[in-house]
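Here is how the chains run, residue by residue.
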Amino acid sequence: MTTIGQSVPRIDAVGKVKGEALYPGDINLDNQAFLKILFSGRPHAIIRSMNTTKASALPGVLAVFTAEDIPVNEYGLIVKDQPVLCGLNSTKPYADRVRFAADNVALVVAETEEIAAEACNLIEVEYEDLEVITDPRVAMQEGQPLLHPDHGSNVFVKYRIRKGDTKSALAKADVVVEGYYQTPAQEHAYLQPEAGISYVDENGLLTVVVGGQWTHEDREQVAHALGLPEEQVRIIYPAIGGAFGGREDMSVQIVLALAAWKLHQRGIHRPVKTIWSREESIIGHHKRHPYYLRTTWGATRDGKVIAAEVEVISDCGAYAYTSSKVLGNATLMCTGPYEIPNVKVDTYTVYTNNIPNGAFRGFGGPQGAFAAESQMNKLAEALGMDPVEIRMRNLLDEGSLLSVGTPLPKGVSIKKVAAACAEAAGWVKGKEGWVRPQGYMDDVPDSPHLKRGIGFACSFKNVGFSFGAPENCWAIIELEGKSEIEFARLYHAGAEVGQGSHTVFAQMAAAAVGLPLEKVQVIAADTATSLNSGSVSASRMTFMAGNAIRGAAEHALKKWNNEERPARAEFQYRPPRTTPLDPETGKSEPNYAYGYVAEAIEVEVDIETGQVRLVKVICADDVGKAVNPLQVRGQIEGAVVQAAGYAVLENFIQQDGQVQTKTLSTYLIPTILDIPDQVESLILEFPDPIGPWGARGMGEMPYLPLVPAVAAGIRQATGKWFDQFPYTPERILMGLETAGQPSPEQD
């Protein structure tokens, strides 16, 4: 009996439930020292001088490290534009500048965490403050101070799409809808703050035990900054308390490695440990990008969208991180999963003195979907057409051309997904098309202040790295036994960040070699034992690992059948190539696979208090093949809850480059009292032609359409569109008070 499609228990469940699983902060080694980081505390300044004498003299301090101690003082996932430590006498030009309030300025290693913290306070730094720029729309203008003088512009990256003639098409359209949308920053709020421990082992291998999403990329960045060969650095991921994209960039990896290595060179052979506080975590790691989207769509009276123009400006923050890749996704998704013959898109990501922004579940998709789906709902309203019906007339199909001028990969299922969601939410398809006989709004009996509405939205999301980024994944399988295979061992570098990846690896390995699950061992997330898997991001790991595991199993079985026992085989899976956006037209083959999703949401609005409550969420998600259906359901429900926080609750506030919501008492995430009353998960299985066992990635997809569906539900309930969120009571009440009045453009 195959393990594929079975809701087997997670292989890490018992250890986590019993408290036996060790997270980075739980790991202690004999004679360990403690590291603390001195943050800049200033969003934009030049360091004129630094004096560490008092800190170094404090009893219990082992070392103080500054910029001049870094062999190659730079790092970054896409572009190495960030100093490891900001300061004087650095190898990197302009490293004497701090660009956001949590830039790292110095490291203290001491006998205790308390001594290290005290020593940080003794470091004397003289700053020359520079003008602080926090609005990307201002920062991109000519004449503004440059955050990175060597880059020559505050615009880090820009893209464009030109397909057809939008000007002529909009002139011919029967209905034209304009919109200006703003999306907020969002904190990942994973349970485990950044932590880790580093040491030099008995073989001279610099080892960092830490939470992350891509072991081999962490290794590359640590080795680069320290000027070491990659083979001299080992990265190990123990249990990880959540990620959601927030561990894709560096946090404590390089500074831990630096401290342990430098101490080792000085003859001090001690492990070095650090644990960030929640406040350090919130101000120290990147956020979801705020976006500003101005868009104009035109349609014919029969509901055919014929033109879309979009301008997108994203807040990159102080450093690049993954901003260019996130912007690429938003560039594609800001016109939705629709076949539109005429498209004009201009997108920009712009340096500011805010916290750097980077990867977060959905990766540009939620921002693009908010604008695209809101535009589609407004077009439906302007035409007097059902919101599901207008989508069915425009959704992509097999052979449809994307905005970038190329067709989707085979296996397009968005129409079937939208239909399944609509039917579950009360829509029916009649002779005139899709309708919802009971309408789109309800009153709550005996509660005239409560208004309910139902909103609909759908979306699509890439599986895997996009726009020409190198994409591959390795797996190694060993088979042991005598006449029959008795045991299999899988080596894989993929991270387990709470999503259940290692359980799915085991299920796929068991199916590939024909063994029961209990006879498969997974050894994962260690650069010393596994080859590069790529990151646990982009909804790619089940897809990529599954294909790599099948390939390794096939080669190992062939060796076994040729009497090579035990048999060991490694295999690198490479998916179909993708291509970057053409700089003039945007034409490209952006992705090799997609996932498709639709959501219908019943929203309740208290018009007296402004409180928004999500009563019911119906999420239809094509996963290709649910390798572990219970885990898929968990991913859907988790994404819905996280997106619900993004929609109605989480209000991340920065003012003049300083975070105002730096604790979980001021930055509110959903509790059990805030989540939707009911989440109905429709797990659809339309196989991806090149997915392992037909599986598609799905971890991000349920996130994308939630906010625009909520916006549509609020519109049905109150008669008011809200084009900026989160939908806090204050925002709702203010909007209802000004309903019917011309509203100024949002900030």
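Thresholds applied
- Residues numbered from 1 in each chain as written.
- Predicted model: local features only at pLDDT ≥ 70, side-chain atom pairs only at ≥ 80, totals over all residues.
- Heavy atoms only, no water.
- Helix = DSSP H or I, 4+ residues; strand = E, 2+ residues; numbered from the N terminus.
- Expected span 1.5 Å × (residues − 1).
- Buried < 20%, exposed > 50% of the residue type's maximum accessible area, 1.4 Å probe, protein only.
- Phe/Tyr/Trp six-rings, centres within 6.5 Å; stacked < 30°, edge-to-face > 60°.
- Salt bridge = Lys/Arg side-chain N within 4 Å of Asp/Glu carboxyl O.
- Pairing = 2+ DSSP bridges.
- Axes fitted to C-alpha atoms, helices over the stretch in contact; angles between N-to-C directions.
- Contact = heavy atoms within 4.5 Å.

A.B. asks: Can you help me understand helix H16 (residues 706-718) in this one?
C.D. replies: Residues lying three or four places apart along an α-helix face the same way, a consequence of the helix completing one turn every 3.6 residues. A rise of 1.5 Å per residue sets the reference length of H16, with its 13 residues, at 18 Å; its end C-alpha atoms lie 18 Å apart and thus fit the reference within 8%. Of all 13 residues that make up H16, 11 are buried, and the element is covered over most of its length. Among the residues of H16, those classed as buried are Leu-706, Val-707, Pro-708, Ala-709, Val-710, Ala-711, Ala-712, Gly-713, Ile-714, Arg-715 and Ala-717. Downstream of H16 by a residue or two, Gly-719 has a phi angle that is positive, lying close to 80°.

A.B. asks: Teacher, can you tell me more about the packing of aromatic side chains here?
C.D. replies: Two descriptors summarise a pair of aromatic rings, namely the distance from one centre to the other and the angle between the planes of the rings. The final tally for this structure, using the stated rule, is 16 aromatic pairs. Measuring from ring centre to ring centre gives 5.9 Å for Phe-39 and Trp-276, while their planes differ by 90°; the resulting arrangement is edge-to-face. Residue Phe-39 is found in strand S1 (residues 33-39), and its partner Trp-276 is found in the loop between strand S12 (272-275) and helix H8 (278-284); the two are separated by 237 residues along the sequence. With respect to burial, Phe-39 and Trp-276 carry one shared label: buried. A centroid spacing of 5.3 Å and a plane angle of 20° characterise the contact between Phe-460 and Tyr-594, whose relative ring orientation is stacked. Pair noted here: Phe-460 is in strand S19 (residues 447-462) and Tyr-594 is in strand S24 (residues 594-606), with a separation of 134 residues, a long-range link.

A.B. asks: Explanation requested: the pattern of salt bridges in the structure shown.
C.D. replies: Between side chains of opposite charge, pairing is possible as soon as their charged atoms come close. One pass over the structure, following the stated rule, counts 39 salt bridges. The salt bridge partner of Lys-451 is Asp-443, with a shortest N-O separation of 3.5 Å.

A.B. asks: Would you mind showing me how to read the sheet that holds strand S23 (residues 567-573) here?
C.D. replies: Adjacent strands of a sheet pair through backbone hydrogen bonds, lying either parallel or antiparallel. An order of S22-S21-S20-S23 is seen for the 4 strands of this open sheet, with the pairing classed as mixed. Looking at which strands have only one partner, the edges of the open sheet turn out to be strand S22 (520-524) and S23. When strand polarity is set aside, the average angle formed by the axes of neighbouring strands in this sheet is 20°. Bridge count for strand S20 (residues 473-481) against strand S21 (residues 485-492) is 6 bridges, and the pairing is antiparallel. Following the sheet pairing, Ile-477 is matched in S21 by Leu-490. Taken strand by strand, helix H13 (residues 501-513) contacts S20, S21 and S22, and its axis lies near 135° from that of S22.

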